[in-house]
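Listed here are the chains, written in short residue letters.
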Amino acid sequence: MTPTLSIPQGIAQSLLSHGGTIVFRLLTADEFVTYCKKRDFNIDRKRLITLEKLGLFAPFFRVNNANLTHPIPIPLPDDNAYFENGALIDTMSNRGEYPVPSLKDDHSQAYYSIFQLDELNITLTSMNLTVQLDSYLEPLQHNGDMPKINTESWIDYATQVADSMRTSQHREGIGLLCQYISDRYGPHSKSNQRTMSVPEGPVLNTSNFVSTVELDWNWYELAKSWDPHKAEALFSLTPEKLKHAYETLSSSQAHCDPLDNWYQLTQFVSYNERQKLKGLALRAESLRSGCIMLQKLYADLYGEDLPHPNEIHRTVINHFPELHIRNDTRKYLEFVVNRYALNPQPKVTLFVEGQSEEKAIEIIFESYFGAHPGKYGIEIVCLKGVDNATGSKEDRFRAILRLVDYLHMHQTFTFLILDNENYAAKLKQNARRAKSIHGDRRHVTRAEYIKVWRDSFELDNFSATEIAKAMNSLANQDLFKTKAIIECKILENPTNALSKLYKSTTGYGLNKIKLTEELVELMLSKNSRRNPENRPITKVLRRVIKLAVRNPFPSRHKTWEKNQLSKFLGKIGD
């Protein structure tokens, strides 16, 4: 038989003198009722009193202030005077052996713990009776006799259950242990796996019954001086006992949690946002806090990491992601959001030479393909000049290839679109040979992921007539003829020649972004003689879209490794 926890004698004094009262403070009866109702418990103060009188569910301790001249200080002094004079009652150690005050008694206050939720759930489930009234109405409609309610048998059953519950201390012990260690491990449960919420002094909490004043409370100092073996000795812990307690609480939280299947994702959500959950989901969140603390205590005592609380009650054949990856929280989160298709990382990064190309591509995406490029998972990065990709000297283009290699290592495809200037052609040639520094066999990229226009974006995708028409529209005059545009196209630097032609004709510089907008408008016009589908830029963008939609991010490290060795990111072999 698995050994279980029990209630340590004198636990109230140990708790109030040396245990956890700050990170998760103890709650008055009214506060506890409010806390429970938010977590889908049908409970009130009257029923708490009834359960306490029956010895089925008790607060952690009671305060009687009839003879008090001032609130009881927490943490307690070393002596037990408050227990001896009756101002404090250890309700857990002496369950059923003290007089329970009436509901209207203003001189007594009960203090509960949030870690009693599992015990409360078991108690209410055992004592609640569900009756299907329709089964009693149906015979009446057919002139039959109403079946009798066997009240005596149910009372006998309730009595047997109550007697059994009074002899078991396991779940009460779990709640007490969680509260006792909460100041040390509580901040770990208020975590998003990257940061945690740590209360800082001073801590002030005063009422007519108790007063908690810690002017210089410091969690980090507590963590340094913490001795887990004191908790081990107080609760007579063994690895079997503590593991059983952890598994008990973990199963309870998982079975009540409607978000159980999304636990990997929700654990990365801000603690404050998780506190905005409702009902059973919020209850599970509270129970999980206790699980995490027991898990941390077990690791400190016995040097072993227990499985995740939500993986206790299920058989895990393949971990997503693998267990060794979870040590790196950033990678763990990345694989998790990949699994839920929530990773905003671009599927394709599209490098373009200038702002005019960037603007043109955005318009084509929204007006022709029907959505912003971000909808396809495509990020457009403007290089603001070919030189920023290739460098002004022949050996400078290696920088952009290292960036491409880095992005491919993160499984973001890269695609470059460049004008045929400076060393653009050389860049493409070098890409055929460049080896990845992140893999033994893979090349940095594939040469077909670099598109170098024969001349330039404008000249390769639009006719001389369209360019002339667009320039006339910008100038608001019929100044440019098709013949003049053709003459520019045969020059050594046709793009520069177009700009010079425009300035010499109009007297001011050519706004390339505005020109691009005019050209794309002509391209997409119903009156265009050339189908947009046949334009080179459209074919290129369609290929980019295809790369994006066929690039599912991996949810396991093993899959990522397999993808890195695929031919899609770069050529494989020599």
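The following paragraphs examine the structure supplied in this document. Computed from a predicted structure; not experimentally measured. Think of each chain on its own: its residues are numbered from 1, step by step along the sequence as written. Two thresholds apply to this predicted model, a pLDDT of at least 70 for residue-level local features and 80 or more for giving and counting side-chain atom pairs, whereas whole-chain, interface and lining totals are computed over all residues. No hydrogens and no water enter the side-chain calculation; it runs on all heavy atoms of the structure.

## Re the sheet that holds strand 4 (residues 88-89)
Item 1. A pair of strands counts as paired when DSSP detects no fewer than two bridges linking them. The way it works is that DSSP assigns letters per residue, a run of H or I at least four long becomes a helix, a run of E at least two long becomes a strand, and they are numbered from the N terminus. Strands sit in the order 1-5-2-4 across an open sheet of 4 strands; the sheet is antiparallel. Either end of the sheet is taken by a strand with one partner, and the two such strands are strand 1 (27-28) and strand 4.
Item 2. Where strand 2 (residues 61-64) and strand 4 come together, 2 bridges link them in antiparallel fashion. Across the sheet, Val63 pairs through a bridge with Leu88, a residue of strand 4.

## What about the packing of helix 22 (residues 464-475) against helix 25 (residues 512-524)?
Item 1. Look at helix 22 against helix 25: their axes get within 9 Å of each other, and the N-to-C directions meet at 125°. Taken together, the axis directions place helix 22 and helix 25 in an arrangement best described as oblique. Once helix 22 is placed against helix 25, the crossing between them reads as right-handed. Across the interface between the two elements, Glu466, Ile467, Lys469, Ala470, Met471, Ser473 and Leu474 from helix 22 touch Lys514, Leu515, Glu518, Leu519 and Leu522 from helix 25.
Item 2. Under the scheme applied here, ten amino acids are nonpolar (Ala, Val, Leu, Ile, Met, Phe, Trp, Tyr, Cys and Pro), four are charged (Asp, Glu, Lys and Arg), and all others, including Gly, are polar. Residue classes in the contact of helix 22 with helix 25 are distributed as 7 nonpolar, 1 polar and 4 charged. For helices, the axis comes from a line fit to the C-alpha atoms of the stretch in contact; other axes are also lines fit to C-alpha atoms, and the angle between any two N-to-C directions lies between 0 and 180 degrees. The labels follow the angle: roughly parallel below 35 degrees, roughly antiparallel above 145, roughly perpendicular from 65 to 115, and oblique for the rest. Note on convention: near helix rotated counterclockwise from far helix by under a right angle means a left-handed crossing. Clockwise means right-handed. The contact definition used throughout considers only heavy atoms, calling two residues in contact when any of these lie within 4.5 Å.

## A look at the pattern of salt bridges
Item 1. Only one rule defines a salt bridge in this text: a Lys or Arg side-chain nitrogen within 4 Å of an Asp or Glu carboxyl oxygen. For the structure shown, the criterion picks out 23 salt bridges.
Item 2. Taking the shortest distance from any N to any O, the salt bridge between Arg288 and Glu285 comes out at 3.1 Å. Here Glu285 and Arg288 lie together in helix 15 (residues 279-302), a separation of 3 residues that amounts to about one turn. Exposure class is identical for Arg288 and Glu285. Each is buried. Only protein chains enter the accessibility calculation, which uses a 1.4 Å probe. A residue is then buried if its area is under 20% of the maximum for its type, exposed if over 50%, and partly exposed in between.

## Looking at the sheet that holds strand 7 (residues 210-214)
Item 1. Taken together, 3 strands build an open sheet; the order of strands is 3-7-6 and the sheet is mixed. Each edge of the sheet is formed by a strand with only one pairing partner; in this case those strands are strand 3 (72-74) and strand 6 (203-206). Sheet twist, expressed as the mean angle between neighbouring strand axes with direction ignored, is 25°.
Item 2. Of the strand pairs in this sheet, strand 6 and strand 7 are connected by 4 bridges, and their pairing is antiparallel. Along strand 7, the bridge assignment pairs Thr206 with Ser211.

## Observations concerning the pairing of strand 5 (residues 108-112)
Item 1. Burial of strand 5 is extensive: 5 of the 5 residues sit out of reach of the surface.
Item 2. Side chains Ser108, Ala110 and Tyr112 of strand 5 all project onto a buried face; the interleaved residues Gln109 and Tyr111 project onto the opposite face, where all are buried too.
Item 3. By the bridge criterion, 2 bridges tie strand 1 to strand 5 in an arrangement that is antiparallel. The partner of Leu27 across the bridge, within strand 5, is Tyr112.
Item 4. Across 4 bridges, the pairing between strand 2 and strand 5 is antiparallel. Counterpart to Val63 in the pairing with strand 5 is Gln109.

## Focus on the nonpolar core
Item 1. As used here, the term nonpolar core means buried Ala, Val, Leu, Ile, Met, Phe, Trp, Tyr and Cys residues forming a set that is joined through side-chain atoms within 4.5 Å. If you look at the biggest cluster of nonpolar residues, it comprises 76 residues, and the most contacted ones within it are Phe32, Phe61, Ile72, Leu88, Leu177, Ile181 and Leu294.
Item 2. Here this core takes 8 residues from helix 15, the largest share from any one element.
Item 3. Excluding its chain neighbours within four sequence positions, the residues that come into contact with Leu177 are Leu5, Phe235, Leu237, Leu242, Leu294 and Leu297.
Item 4. Formed by 47 residues, the second largest nonpolar core is a distinct cluster that contains Ile417, Ala464, Phe480 and Ile537.

## Overview of unusual backbone geometry
Item 1. In the segment running from Ile74 into Pro75, the intervening peptide bond is cis, with an omega of 5°.
Item 2. As for its placement among the helices and strands, Pro75 is situated in the loop between strand 3 and helix 4 (81-84).
Item 3. Backbone geometry places Ser236, a non-glycine residue, at a positive phi of 50°.
Item 4. Structurally, Ser236 is set in the loop between helix 11 (228-234) and helix 12 (239-256).
Item 5. For Ala341, which is not glycine, the phi torsion reads 55° and is therefore positive.
Item 6. Locating Ala341 in the fold gives a position in the loop between helix 16 (329-339) and strand 8 (348-352).

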